[in-house]
Every structure is written in C-alpha cells, then in structure tokens.
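Each chain, written out:
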Amino acid sequence: MAQNKEKVVIVGGGIAGLSAGIYALMAGFDAEVYEKNAIPGGECMGWSRNGYHIDNCIHWLTGTDQNTGLWKVWKDVGAIDENTEYADTAKFYSSRVGDTELTLWKDLDRTEKELVEKCPEDEAEIRKFIQYVRYAETCQIPSIKPMDMMGVKDYIEMGKAMADMPKVMKEYGRISCRELGMRFKSPVLRKMMSDYLPGEYTAYSFLVSYATMTSGNGNIPMKGSLAMTLRIADRFRKLGGVLHTSVSVKEIIIRNKKAEGIKLEDSTEVSADHVISAVDTDFLYGRLIDRKYMPSDLAKAYEKRKEYPITTGFQVAYAIDDSFSGEDTIFFDCEPLKVGARSFSRLSVKNYAYDKSFAPEGKAVLQANLLQTDEDYLFWESLSPEEYKAKKAELAGEITKRIVTEFPELEGRIELLDAWTPLTYNRYCNAYHGSYMGFVTTVGNKQMRFKGVVKGVSDLYVAGQWIMSPGGLPIAVISGKFAVQRILKKQGRSIDI
Ligand SMILES: Cc1cc2nc3c(=O)[nH]c(=O)nc-3n(C[C@H](O)[C@H](O)[C@H](O)COP(=O)(O)OP(=O)(O)OC[C@H]3O[C@@H](n4cnc5c(N)ncnc54)[C@H](O)[C@@H]3O)c2cc1C
C-alpha cells in the first residue's frame, strides 16, 4: 500500500514561496501554497492598463549565466532555461548633467573608453573603478546549500571562484555610493555613482550590480516579471503542487512547540507536517506568530529605522511613442520636487521599448521611480484616502512636466497610465513600510543573515528575501530551496535536490 507523503504547507506565493513549493515536491513531499492575492508572484509582478503592460520588477535577473549555480536554481523552478530570450539592451544606465551624458555600457571596455574620453581629469579613478568592476564579476550568491551547511571543501571552492571579491570589499566595502562619487572631479561622474542606488548604499553593492550586467549574469527575460512568475507557478502545478490563491492566512498554528498547520482568514484550519513562511518577516513575527520568536538581530534592525533603511518607491507609468529617442534608463537634473518626506532634484526614466509585448504597435511604456524609504512611507500613510488620491495625481503631473522639460519631443505624446506608492506594496504584499527589497546594506550596518528556523518551534521554517541582505529575487528563490533542505537535514536525508 502506498505510504502517505508528508505535507509541506507554504504561506505566501511570491518567488520564495513558489520556490519552496517546487523544491518540496522535488524532495518527495506534498506541497500546498496559500497566497492572499488572486495572482501569485508577490513583488515579482506586472499588470495591464489601457492595453499596456506595466512590468514592475526585473531590472536585472542575477543568475542568467549558465555557468553559475544560481542559473540551475532558476532552471529548477522553471523561470528560465537554455532557450530563454533576453532583452537586447546595451546599457546599464546613462546619467546626464547639462549637455554631458555618460553611459555605463554592458561592454565594460566601451564604458572605460567613453568615461576616459569625456572625463580625462578622472582617468586614474575611472581605470581603477573599471578594474574593480571586473573583479566584482566573480561575485556569486551561494545557491547549492545554506552557508551553515557548507563544509571546508565548499568554502575552498567558493573562495577560489570568488578570489577577487575580497579586493572589491577592501576598496569599496567601507564607503558609500555618495563617497564613491566624491572620488571623481567630473560633476556627471559624481552624480552617476549615486544615481542608481541611493547614496547611503555601500559602493561595493553598486559595483556588484553593474558587474552582474557586464558579466552577462544579469539579463532581463523577455515578456517580463509576471510572465516569469507564471512560468514558475506552472512548474509548481505540473509537479503536483496545489496553489490556493485569494486565500489569506491568519495564523500559523503552534501547539506544544511544534508548527501543526495554518489558520485561514475564515478560521478554517489546515494541518501540515511542516510549515514554511514565505511572507515579509515583519508580518510573520507579530501577525502570523508571536513577535517574541523574532531573531534578535532582526528585531534590532526593525527598531533602528535610521541604521537599517528600506527601499520602496513612488512610481509612475506612461504610454509614449516608441520613436522616443531616450532609450533605456537615463538620470537627469530637474526642478526640485518633494515626494513623501524628501526632495528630489534628479529624476530617471526607464524606457520599456525593448519589449514589444508590453505595448500596442508604435507605442512603448516609460516609467519613473522615485525612491522612498521609511519616513516617506509614514507620510503616505498619514494621508486620508482623498488626500492620498489627490497627492498621487498632483505628483504624477509634476513628474510629467519635468520629463517633458528634459525631453521636449514628448510634449503632447505622453499619457499617464498609472501611479503607485509605498502603500501599494504594503496593501498588496503585506510588505513592511512598502519595502520591496530587504534592509539596505549601508556602510554602518550589519548585513542581515539568519538561518530561517524559528527558535523554540519545530517544523517551522522561514523563506523570503528578508533572510539575507539585500534581498531581491536571487535571495527569494534560494531561500525557498534552503528551507526545504533544512527539513531534509533534520530528517537525516540527503540535501541534494
Ligand atoms: C519595482 C521593483 C523592482 C525590483 N527590481 C528587482 C530586480 O531588478 N532584481 C531583483 O533581483 N529584484 C528586484 N525586485 C525585488 C524582488 O521583486 C523581490 O525581492 C522579490 O520578489 C521578493 O520575493 P519574496 O517571495 O521574498 O516576497 P514577496 O514577493 O513579498 O512574496 C510574499 C508573498 O506572500 C503573500 N502574502 C503576504 N501575506 C500573506 C498572508 N497573510 N496570506 C497569504 N499570502 C500572503 C504576498 O501577497 C506575496 O505574494 C524589485 C521589486 C520591485 C517592486
């Protein structure tokens, strides 16, 4: 007689939850995912407006190089494979000040040539920056097993593969992006270095981000974020997983120090042999289980709001003609604009013309994202529903004006599609202060990394981007795999899945 399989119940159907579900099935468990929204994917998302598709996640997907361990994880979960088509974009982004425009190309030699030609006064610092981006190309996210399960051999191999990374950490690990900018004399280079990531981020995060692109390990899959999410959900279902959508989980049931299942919003109880939480950790510790279970490092980070900032955004999407010449992402100066609690004198637009599936023929989607953090979230939260609506519309109008001032060719040819705020992420994903990444890695703070187990409770595991700074899709996807490996390890089984 066939033996009943053990059941893993997963709370949250974002990338981490779906990954946990897939690896649980691959390891021979039954798996059910409970997702509060009608569509899985959480923050890896896109939606339609007036015949346009607003793609709202992947600016780069780390792990598109087939020689990396992360590529195998993305393949396991059905996100990408050998035949995946990627966006044919040549640039990381451009920065403009006055008439001078510089570009960080995917081709690092081209960047070096352009930067040295246009800013000869910074030649030595540019050449050093380029050299260190090359070193940073060796950076890899450990994806075979959790680091605490690695043996000496694993560490030696990792050390060999990332031999040049310590140099990057030594030179750029203790300065912020803003300080990196100050090393240059050219006004454009100064601004460029803290255009993409906020000024307080560590400079090495910026180098690693750019290096991910230049090494070919950070491409953008065509058809965007939602299509990738749906491929992963499809893989989960095909392996036999059950995906419950539009079902909110109210509580994780803990009895006798053991997770026994979950309670849904309508108070239905679902039993489980193992529970994996793949929701935001602020929501897990406090709403689904008692706050007392929160690891102390994480609790401290939530208390120290200045030291551990979060990343969210006020975003606007437009329909434009695809003949618009400002291609890809470009940053430029603008008349100061207060958004949330802070004022901006630089703005960026990203042109999505590279993917024709996002817009009707002859058209494209253009997006602006003004980065927001904790105090901005509190500003948005303080508004009444009427004030909130009015503020969104007012700011969208102000941003449109500034875009048209910079790109007069868009006058009369730019149509607002949608605007959303940090509150949107909180409402849609239960994301802490609307954060769509983990805590920001700054020069002063400690990188967040915790095991994904809950001290004092057996059979409860934690996945999701918050288990390791700075979050993002790679951490989300590996955290799902790691949670299942922890179950296997506890059962004395092989963790090779
Ligand atoms: C604008 C933007 C750009 C980004 N760009 C990039 C990028 O270029 N590269 C990159 O790597 N990352 C990027 N990210 C970050 C990336 O999207 C996230 O790091 C990742 O999707 C987080 O996945 P997760 O599964 O950990 O969390 P989430 O996506 O938050 O998933 C949690 C899920 O749990 C569900 N949930 C919450 N509460 C409950 C409940 N009570 N019951 C049931 N379900 C519940 C939520 O609805 C959600 O689906 C970007 C994000 C945004 C928004």
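In this text, all values refer to a predicted model and were calculated from it rather than measured experimentally.

**Q** Quick question: what am I supposed to make of unusual backbone geometry here?
**A** Glycine aside, negative phi is the norm for most residues, and most peptide bonds take the trans geometry. Cis geometry is adopted by the peptide bond preceding P470, which originates at S469 and carries an omega value of 0°. Here P470 is to be found in the loop between β19 (460-462) and α16 (473-490). Even without being a glycine, S246 presents a positive backbone phi close to 55°. Relative to the assigned elements, S246 resides in the loop between β9 (242-244) and β10 (249-255). Non-glycine residue N430 carries a positive phi angle of around 60°. Tracing the backbone shows N430 in the loop between α15 (422-429) and β19. Judged by its relative accessible area of 22%, N430 falls in the partly exposed class.

**Q** It is not clear to me how the packing of helix α1 (residues 15-26) against helix α2 (residues 69-76) should be interpreted in this structure. Could you clarify?
**A** Viewed as axis vectors pointing N to C, α1 and α2 meet at an angle of 80°, and their least axial separation amounts to 10 Å. One element, α1, and the other, α2, form an angle in the roughly perpendicular class. For the pair α1 and α2, contact is made by I15, I22, Y23 and M26 and by V73, W74 and D76, respectively. In terms of residue class, the contact of α1 with α2 is made up of six nonpolar, no polar and one charged.

**Q** Can you help me understand the domain arrangement of the chain in this one?
**A** The accessible area lost on association of the parts is a frequent measure of interface size. Split by domain assignment, the chain resolves into domain 1 (7-46 + 62-81 + 222-306 + 446-490), domain 2 (91-219) and domain 3 (312-434). Computed over C-alpha atoms, the centres of domain 1 and domain 2 are 30 Å apart. Listed per partner, the contact involves 19 residues of domain 1 and 17 residues of domain 2. Note on domain 1 versus domain 2: buried area summed over both sides is about 1500 Å², and carbon and sulfur give 56% of it. A per-residue breakdown of the area domain 1 buries against domain 2 is headed by T62, T64 and F482, which together make up 29% of the total.

**Q** Honestly, the environment of K300 in this entry has me stumped. Any pointers?
**A** Within the element layout of this structure, K300 appears in helix α12 (residues 296-303). Look at K300 and you get partly exposed, because its relative accessible area is 42%. Spatially, the C-alpha atom of K300 lies 32 Å from that of T138, the residues being 162 residues apart in sequence.

**Q** What exactly am I supposed to notice about the site of the ligand here?
**A** Near the ligand you find 37 residues, and of these E35, E43, C57, H59 and Q465 are the closest. Within the contact set of the ligand, a nitrogen atom lies 3.1 Å away from a backbone nitrogen or oxygen of K36. Q465 is positioned such that a nitrogen or oxygen atom in its side chain is 2.8 Å from an oxygen atom of the ligand. Of all the secondary-structure elements, those providing two or more residues to the shell around the ligand are α1, α15 and α16. Of the residues that constitute the shell around the ligand, the class distribution is 20 nonpolar, 14 polar and three charged. For the shell around the ligand, the two domains that each supply at least three residues are domain 1 (7-46 + 62-81 + 222-306 + 446-490) and domain 3 (312-434).

Rules used throughout
Residues numbered from 1 in each chain as written. Predicted model: local features only at pLDDT ≥ 70, side-chain atom pairs only at ≥ 80, totals over all residues. Heavy atoms only, no water. Helix = DSSP H or I, 4+ residues; strand = E, 2+ residues; numbered from the N terminus. Buried < 20%, exposed > 50% of the residue type's maximum accessible area, 1.4 Å probe, protein only. Axes fitted to C-alpha atoms, helices over the stretch in contact; angles between N-to-C directions. Parallel < 35°, antiparallel > 145°, perpendicular 65-115°, else oblique. Contact = heavy atoms within 4.5 Å. Nonpolar A, V, L, I, M, F, W, Y, C, P; charged D, E, K, R; others polar. Domains from an automatic or database assignment. Buried area = accessible area lost by both parts, 1.4 Å probe. Near = heavy atom within 4 Å. Polar contact = N/O pair within 3.5 Å; in protein donor to acceptor, adjacent residues only side chain to side chain.

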